[in-house]
Amino acid sequence: MTVVSQGIVLSGHKAHTVPFLRIASSIAIEPGYVWDALAIHLEDGRVIRFGGVSKKTAGSLQAELNRQARSHIKGFYQALIPDLRQAYQQAQALFSQQRYIRHAAARQWLNNHGHLRHGVSRRDIAHYLSREEYQLLELIRPFLEKGIEHFAAVNDAYVQFQLKKYRDYFDWVESNPLTDRQRKACVIDEQYNLVLAGAGTGKTSTMIGRAGYLLKSGLATPGQILMLAYANKAAGEMQERIQSRLGISTLTVKTFHSLGKQIITEVEGAVPSIDKMADDETLRARFVDDRIKRLLLDDRYKSRLVTYFTRFLYPYKSRFAFKTEGAYHAYILENEIRTLQGELVKSYEECEIANYLYRQGIVYEYEAHYQVNTAGPDFKAYQPDFYLPEHGLYIEHFAVNENGETPPFIDSRKYLEGMAWKRALHETHKTRLIETFSYQKHQGVLIDALREQLLAAGVQFRPVPDDQLLSRLREFGEVSRFSELIAKVLALFKAAFLSVKDLSSLAHQHEDKERMLAAVQLFEPVYQAYQQHLHDAGTIDFDDMIGKAISYVESGRYRSPYRYVLVDEFQDISASRARLVKALLAQHPDNSLFCVGDDWQAIYRFTGSDVSITKDFERHFGFTATSVLDKTFRFNNKIGEVASRFVSRNPAQIKKRIQSHRQVDQAAVSLIRTATESIGLNAALARIAQKQPAGASVLILARFHFRQPELSGLKRQYPQLKLQFMTVHASKGREADYVIVLGLEHGKQGFPSEKAVHALLDMLLPQVEDYRYAEERRLFYVALTRARHHVYLIADGNKASSFVRELVNDKYAILTDEFQGSGFQKQLADTPCERCKTGYMVARKSRHGLFYGCNQYPLCSHTQKGCPKCGSALITEGKLRICKNRDCEVAEPVCPKCGGSMILRKGKYGQFWGCANYRSNTGFSCAHTEQVTKSGDGRGLPDRDYIT
C-alpha cells in the first residue's frame with residue numbers, strides 16, 4: 001500500500017487506486033488472530049479490505065491514512081469554494097432576468113461547472129463548508145445533479161406562469177382565443193424555435209401572438225422584431241393585423257426581397273433600381289428568347305444549338321439500366337422522346353438513329369409495315385424500326401449487349417427467336433436489312449457503325465443545313481421550349497449565387513456530363529447578356545437583392561437592429577434565404593429565431609425551396625424547441641383522416657396528428673369515375689347545390705392551368721354557388737366550403753405529374769427526395785385540405801393516376817359508389833398488363849369488336865381479346881386466361897410454347913387443342929397442339945366454358 005496525492009494505491013495481483021474523495025468515513029481496523037486488516041468504507045456502500053497488516057503498525061497506519069484523507073478532502077473543498085461561488089453567481093444571473101433559460105446558456109453553465117457534480121455528492125460535505133457556502137450549494141445542487149432535465153423543469157414552470165399572467169392577452173389578440181398549443185409556442189423563448197403547424201391550425205395567428213407577447217412581456221421593443229413573409233399580400237395582411245390587434249405601426253414586417261432592398265439602401269445610401277424583368281417572368285422569358293435569336297446569327301452558337309437538339313435534347317438511359325418494362329416506359333413517357341420528325345419513339349437509341357437519318361437528308365419511315373403481309377405472335381403485322389423508301393432498305397435496332405443478352409425485363413428467348421425470325425424473313429424475301437445494336441451505343445460507335453453500313457448500301461447523304469433544321473425545330477416549338485428552359489435556369493442560377501465556372505464544375509460531375517456541358521455552353525452567353533443588360537440599365541433583380549444583402553450582412557457592412565426574427569411559411573425557405581437569416585442572427589449572441597411552417601405543405605422545390613431545411617431544422621440552426629399545432633379549424637375529421645394518412649405514407653415527413661375541430665360521421669371525400677370530365681364536374685356541382693343551395697364556395701382545382709373548365713357557363717348553371725378555379729399551387733393558403741379536383745390521371749400532365757425535370761434545372765435545385773412523387777404527394781394533400789366540408793375527386797377509371805389507385809386499393813375512407821349510371825364508370829381499370837407490369841388493360845373497340853389493350857400504349861402494345869360471353873377482361877392464372885367476371889365461367893387455355901391462346905380445332909382424328917398463332921403461308925407460326933381427353937379438356941383443367 002502506498003499513498004499518492006489523489007488517493008491510496010493498493011498493491012496486489014492488480015494494483016488499483018482508491019480516491020480519497022470516494023472514502024466515506026474514517027478507515028477502520030478489523031483485528032485478526034495474527035494480522036490486522038484495514039477496512040476502507042466507500043461512499044457507494046462498498047467496503048475494501050487490505051489485510052496482512054501487522055498489529056504493531058496497524059494503528060499508526062490507520063491514523064496516517066485518515067489524516068491524509070481528511071487533509072485531501074478539506075483541501076479539495078477549500079479549492080472548490082471559489083468555483084462554487086462562481087457557479088452560484090452565474091446561475092443567479094440566469095434566473096435574475098426572470099425569463100426562459102435557453103439551451104445554449106444552460107449547456108454553457110453545465111460545461112463550466114459540471115465538474116462540481118462529482119465533488120459535491122459526499123454525504124459529509126456540510127462538515128467542510130460554512131453554512132453560507134452550503135446554502136449556495138443546495139441552491140445549485142439540482143442543476144448539477146439533474147442537468148438539462150432540471151433546466152427544462154424550471155422552464156416549464158416559467159412557461160406556465162407566463163401563460164397565466166398573459167391569459168387575457170392571448171384571449172383577445174386574435175378574433176378567436178388562441179389554443180393552448182398556440183399560446184405555449186408563443187411563450188417558449190428558445191434561441192431557435194420551430195412551430196410545425198398543420199393546414200388550418202392558425203399559423204398566422206401564432207405569428208401575431210408571438211410578436212405581441214414579446215412586446216407585452218418586455219422581451220423586445222418593436223424595433224428589435226423582424227417578421228418575414230414570402231409574398232407582399234401575406235406581409236400586408238400580417239402588418240394590418242398587427243396594427244389592428246396590437247395597435248403598433250413601428251414593427252417591421254417585410255418580404256425577403258423588401259428586406260434585401262432595405263439592407264442595400266442603408267449600405268449604399270440610395271434605393272436600388274429594380275429591373276422590370278424582376279417581377280415579370282414573361283418579360284424575362286422574352287428577353288432570353290430574343291437573345292437566343294440574336295445568338296443564332298453566330299454560326300458557332302447555331303451549330304452548338306443544332307448539336308444539342310440532335311444529340312442532347314433527352315437524357316440517355318440504357319434499357320439495361322431498368323429492371324421492369326414499366327419503369328422503362330415511365331422514363332420514355334416522362335421525357336416524351338420524339339424525333340426531329342415528331343415521332344414518339346420507343347427508345348433513346350432509336351431517336352438518335354432517326355435524328356441522324358433526318359440530319360443527313362435520308363428519307364425514312366418509322367415502324368412502317370413490311371412489304372410482305374406477315375404476322376407476328378401477337379397477330380400484328382411485322383413493322384421494322386425504320387424503312388428507307390428511296391433505297392428499299394430496312395433498319396432494325398436490337399436491344400442486346402456484346403454477349404447477345406437482352407435487358408432484364410425482356411424475355412430473352414423470345415426476343416432472340418424474334419431476331420432470328422426477322423433475319424430469316426428478310427433473307428426469304430430478299431429485302432435488304434441493316435442491323436444496329438444497343439452495345440454500339442454503349443461503346444460510343446452507334447452512329448459510326450450506321451454510317452458505314454448506309455454508305456456500303458449506296459445511300460446518298462444530303463446533309464440538311466442548320467438553318468433548315470432550326471426551322472423544323474421551330475415548327476415543333478422546340479426552340480421556344482429551349483428558351484423557356486434557359487429562362488428558368490437563369491433564375492435558379494442567380495438564386496444559387498453560382499459562377500459559370502461553378503456550373504461547369506457541377507456539369508463535369510454529372511452522370512450525363514456531355515449533355516450538361518453542352519447545355520452550359522448554350523446558357524453562358526445568355527447569362528452574360530442578361531448581366532450586361534442589368535449593368536447598362538443600372539438595375540438589379542430580386543436575386544441580386546438577396547445576394548447583395550447576404551454579402552453586406554456577412555461582411556458587417558450592415559448592422560442588424562433585430563434580435564427576434566419571425567419567419568412565416570418556413571417550409572418554403574430556400575438555401576439563400578436561410579443563409580440571410582443566419583447572417584442576421586450571427587450579429588447578436590442573444591438572438592432568437594421563430595419559424596412557423598408545415599413540411600406537409602412544402603410544394604415549391606421548382607423555385608428553389610428546400611424542405612430538408614425544415615425537416616432537419618436543428619442540424620441547420622442548433623438546439624431547437626419544437627411545438628406542434630395539431631388542431632385545425634378548417635377541414636372536418638373525415639377529410640383530415642384521408643389527407644393525413646396519404647401524406648404520411650412518405651416516412652420522411654415529420655409525424656403529426658392533426659385533430660379537427662369539426663367532427664362528422666360520414667366520409668367527406670368522394671371519387672367520381674368518368675371518362676368525360678364535364679359529366680363528373682356537373683355531378684359534383686349538382687350534389688353541392690343540393691346539399692347547400694345558397695352561398696357555398698367551391699374551389700375547382702387542377703394540377704395544371706390548362707385544365708380550367710369554362711367557368712362562365714358553370715356560373716350561369718349554378719348561380720347559387722361561388723365558383724373559382726385555381727391550380728393547386730395557387731390555392732395554397734386558400735379555403736372553400738367544397739373542393740373539386742380535376743385531372744387525376746397518369747402521365748406528364750396528370751396528377752401526380754410524371755414529367756421529368758430537366759437535368760440542368762435539377763442540378764440547381766435542392767436534392768430530390770428518395771420517396772417517389774414526394775412533393776406531388778404533398779401537393780395533393782394541399783388540394784384535399786382546402787375544403788371545409790367535402791372533396792370531390794374526378795378521374796377517368798381507364799387512366800386513373802397512382803394517387804387515385806392508392807386511395808381505392810388501400811381502402812382509404814372515401815366514397816366510391818356515390819355516382820352511378822350513364823356516364824359513370826363502375827370501377828377503375830384493375831387488370832394489370834401481363835407484359836409491362838405497370839399498365840392496366842382497358843376496353844377498346846375495333847372493327848373486329850371489343851378487345852383489351854394496355855393503357856401505356858403506344859409504348860406497350862400488348863392486347864388481349866375480351867370474354868366473348870360478357871365482354872370482361874381475361875386474367876392469366878396458371879394454364880388459363882380466366883374471365884375476370886367470376887359469375888361468368890369462361891376460360892381460355894394458354895399455349896405453353898408462345899403464350900398465345902389455345903383453341904379447339906377439328907382434325908381427321910377428331911378434336912384437338914391448337915395454338916391460335918398457327919398460320920399457314922406466313923413468316924411466323926406456332927404449331928403447338930395437345931390432345932383432347934374423354935373429359936373434353938385434355939389438360940387437367942377445371943370444368944368451365946372454354947373459348948373455342
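Residues numbered from 1 in each chain as written. Predicted model: local features only at pLDDT ≥ 70, side-chain atom pairs only at ≥ 80, totals over all residues. Heavy atoms only, no water.

The next point concerns the overall build of the protein. Of the regular secondary structure elements, the protein holds 31 helices and 33 strands. Taken over the C-alpha trace, the protein has a radius of gyration of 39 Å; the compact-globule value for 948 residues is 30 Å, which it surpasses by more than 25%. Going through the 948 residues of the protein one by one, you find that 51% of them count as buried. Contacts spanning at least 24 positions in sequence make up 69% of the contacts within the protein whose residues lie at least 6 apart. Of the accessible surface of the protein, which amounts to about 44,500 Å², a share of 49% is contributed by carbon and sulfur atoms. When the 126 positive and 105 negative side-chain charges of the protein are each reduced to one mean point, those points stand 3 Å apart. (Helix = DSSP H or I, 4+ residues; strand = E, 2+ residues; numbered from the N terminus. Rg over C-alpha atoms; globule rule 2.2 N^0.38 Å. Buried < 20%, exposed > 50% of the residue type's maximum accessible area, 1.4 Å probe, protein only. Contact = heavy atoms within 4.5 Å. Areas by Shrake-Rupley, 256 points an atom, 1.4 Å probe, with all protein chains shown as cover. Lys, Arg positive; Asp, Glu negative; His and termini not counted. Charge placed at Lys NZ, Arg CZ, Asp CG, Glu CD.)

Let us now look at the sheet that holds strand β26 (residues 863-865). Overall, antiparallel pairing links the 3 strands, which are arranged β24-β25-β26 in an open sheet. Both outer strands of the open sheet, β24 (841-846) and β26, are each paired with one neighbouring strand and no more. Adjacent strand axes in the sheet meet at a mean angle of 35° when their direction is disregarded. One ladder, built from 6 bridges, connects β24 with strand β25 (residues 849-854); its direction is antiparallel. Paired with serine 846 across the bridge in β25 is glycine 849. (Pairing = 2+ DSSP bridges. Axes fitted to C-alpha atoms, helices over the stretch in contact; angles between N-to-C directions.)

Okay, the side chain of glutamate 745 next. When you line up the elements, glutamate 745 lands in the loop between β22 (736-741) and α29 (759-764). Overall, the relative accessible area of 18% leaves glutamate 745 in the buried class. Within the structure, the side chain of glutamate 745 is placed 2.9 Å from the side chain of arginine 707, a separation counted as a polar contact. Setting aside residues up to four positions removed in sequence, glutamate 745 forms contacts with Arg707, Gly750, Phe751, Pro752, Lys799, Ala800 and Ser801. (Polar contact = N/O pair within 3.5 Å; in protein donor to acceptor, adjacent residues only side chain to side chain.)

What follows deals with the nonpolar core. Among the nonpolar cores identified, the biggest contains 76 residues, and Tyr308, Leu357, Leu388, Leu454 and Phe482 are the most heavily contacted of them. Per element, the largest residue contribution to this core is 10 residues, and it comes from helix α21 (residues 513-537). (Core = buried A, V, L, I, M, F, W, Y, C linked by side-chain atoms within 4.5 Å.)

Interhelical geometry of helix α12 (residues 299-312) versus helix α19 (residues 478-495) gives an angle of 100° and a closest axis separation of 12 Å. One way to sum up the angle between α12 and α19 is to call them roughly perpendicular. Where α12 approaches α19, its residues Tyr301, Leu305, Tyr308 and Phe309 are matched on the opposing element by Glu478, Val479, Phe482 and Leu485. A per-class count over the contact of α12 with α19 returns 7 nonpolar, no polar and 1 charged. (Parallel < 35°, antiparallel > 145°, perpendicular 65-115°, else oblique. Nonpolar A, V, L, I, M, F, W, Y, C, P; charged D, E, K, R; others polar.)

The pairing of strand β8 (residues 225-229) with strand β9 (residues 252-255) spans 4 bridges and is classified as parallel. Looking at β9, one finds that leucine 228 is bridged to lysine 254. Considered for its hand, the β-α-β crossover made up of β8, helix α9 (residues 232-246) and β9 is right-handed. (Right-handed = clockwise from strand over helix to strand, strands pointing away.)

Looking now at helix α13 (residues 325-335). Most of α13 sits out of view: 8 of its 11 residues are buried. Turning to α13, its buried residues are Glu325, Gly326, Tyr328, His329, Ala330, Tyr331, Ile332 and Asn335. Each element contacted by the buried residues of α13 is listed here: α14 (348-359). Glutamate 336 occupies a position one or two residues after α13 and carries a positive phi of about 45°.

Turning to the packing of α12 against α21, a few remarks are in order. It is at 10 Å that the axes of α12 and α21 come closest, and there the two elements cross at 145°. Where α12 crosses over α21, the two elements pack in a sense that is left-handed. In this structure, α12 contributes Tyr301, Arg304, Leu305, Tyr308, Arg311 and Phe312 to the contact, and α21 contributes Glu514, Arg515, Ala518, Ala519, Gln521, Leu522, Pro525 and Val526. When its residues are assigned to classes, the contact of α12 with α21 shows 9 nonpolar, 1 polar and 4 charged. (Left-handed = near helix turned anticlockwise from the far one by under 90°.)

The omega torsion of the bond from phenylalanine 751 to proline 752 falls at 10°, within 30 degrees of zero and hence cis. Its place among the elements puts proline 752 in the loop between β22 and α29. With a phi close to 45°, glutamate 336 is a non-glycine residue in the positive phi region. If you trace the backbone, glutamate 336 turns up in the loop between α13 and α14. Despite not being glycine, tyrosine 773 shows a phi value in the positive range, around 55°. Topologically, tyrosine 773 is positioned in the loop between α29 and α30 (774-784).

Before going further, it helps to spend a moment on the pairing of strand β5 (residues 35-41). The side chains of a regular strand alternate between both faces of the sheet. With respect to burial, β5 is a largely interior element, 5 of its 7 residues being buried. Looking at chain direction, strand β4 (residues 28-30) and β5 are connected through 3 bridges and run antiparallel. Opposite isoleucine 29, over in β5, you have leucine 38 as the bridge partner. Between β4 and β5, which pair antiparallel one after the other, the connecting turn spans 4 residues. Bridge count for β5 against strand β6 (residues 47-54) is 6 bridges, and the pairing is antiparallel. Residue tryptophan 35 lies in a different strand from β6, and its bridge partner there is serine 54.

Our next topic: the confidence of the model for the protein. Looking at the protein, the pLDDT average stands at 89 and 96% of residues meet or exceed 70. Within the protein, the lowest mean pLDDT, 52, falls on strand β33 (residues 945-946), and the highest, 98, falls on strand β14 (residues 564-567). The low-confidence segment residues 935-940, where pLDDT is below 50, has 13 contacts with residues more than four positions distant or belonging to other chains. (pLDDT = per-residue confidence, 0-100.)

Let us now look at the pattern of salt bridges. Here the idea is simple: oppositely charged side chains can pair when their charged atoms come close. This structure, assessed with the given rule, holds 57 salt bridges. Between lysine 441 and glutamate 352 there is a salt bridge, with the nearest N and O atoms lying 2.8 Å from each other. With a gap of 89 residues between them, lysine 441 in helix α16 (residues 438-442) and glutamate 352 in helix α14 connect regions that are remote in the sequence. Taken individually, lysine 441 and glutamate 352 each receive the classification buried, so the pair is uniform in this respect. A single network of salt bridges, built from pairs that share partners, joins Arg99, Arg102, Asp189 and Arg210. (Salt bridge = Lys/Arg side-chain N within 4 Å of Asp/Glu carboxyl O.)

Summed over the entire model, instances satisfying the criterion amount to 44 aromatic pairs. A centroid spacing of 5.2 Å and a plane angle of 55° characterise the contact between tyrosine 370 and tyrosine 394, whose relative ring orientation is tilted. Here the residue tyrosine 370 occupies a position in the loop between β10 (365-366) and β11 (386-388), and tyrosine 394 occupies one in strand β12 (residues 393-398), the gap between them amounting to 24 residues. Tyrosine 370 sits in the buried class, given a relative accessible area of 5%. Taking relative accessible area as the criterion, tyrosine 394 reaches 1% and is therefore assigned buried. An angle of 75° between the planes, with centres 5.5 Å apart, marks the rings of tyrosine 382 and tryptophan 421 as edge-to-face. Separated by 39 residues along the polypeptide, tyrosine 382 in the loop between β10 and β11 and tryptophan 421 in helix α15 (residues 412-428) bring together distant segments of the chain. Residue class for tyrosine 382 comes out buried when judged on its relative accessible area of 5%. (Phe/Tyr/Trp six-rings, centres within 6.5 Å; stacked < 30°, edge-to-face > 60°.)

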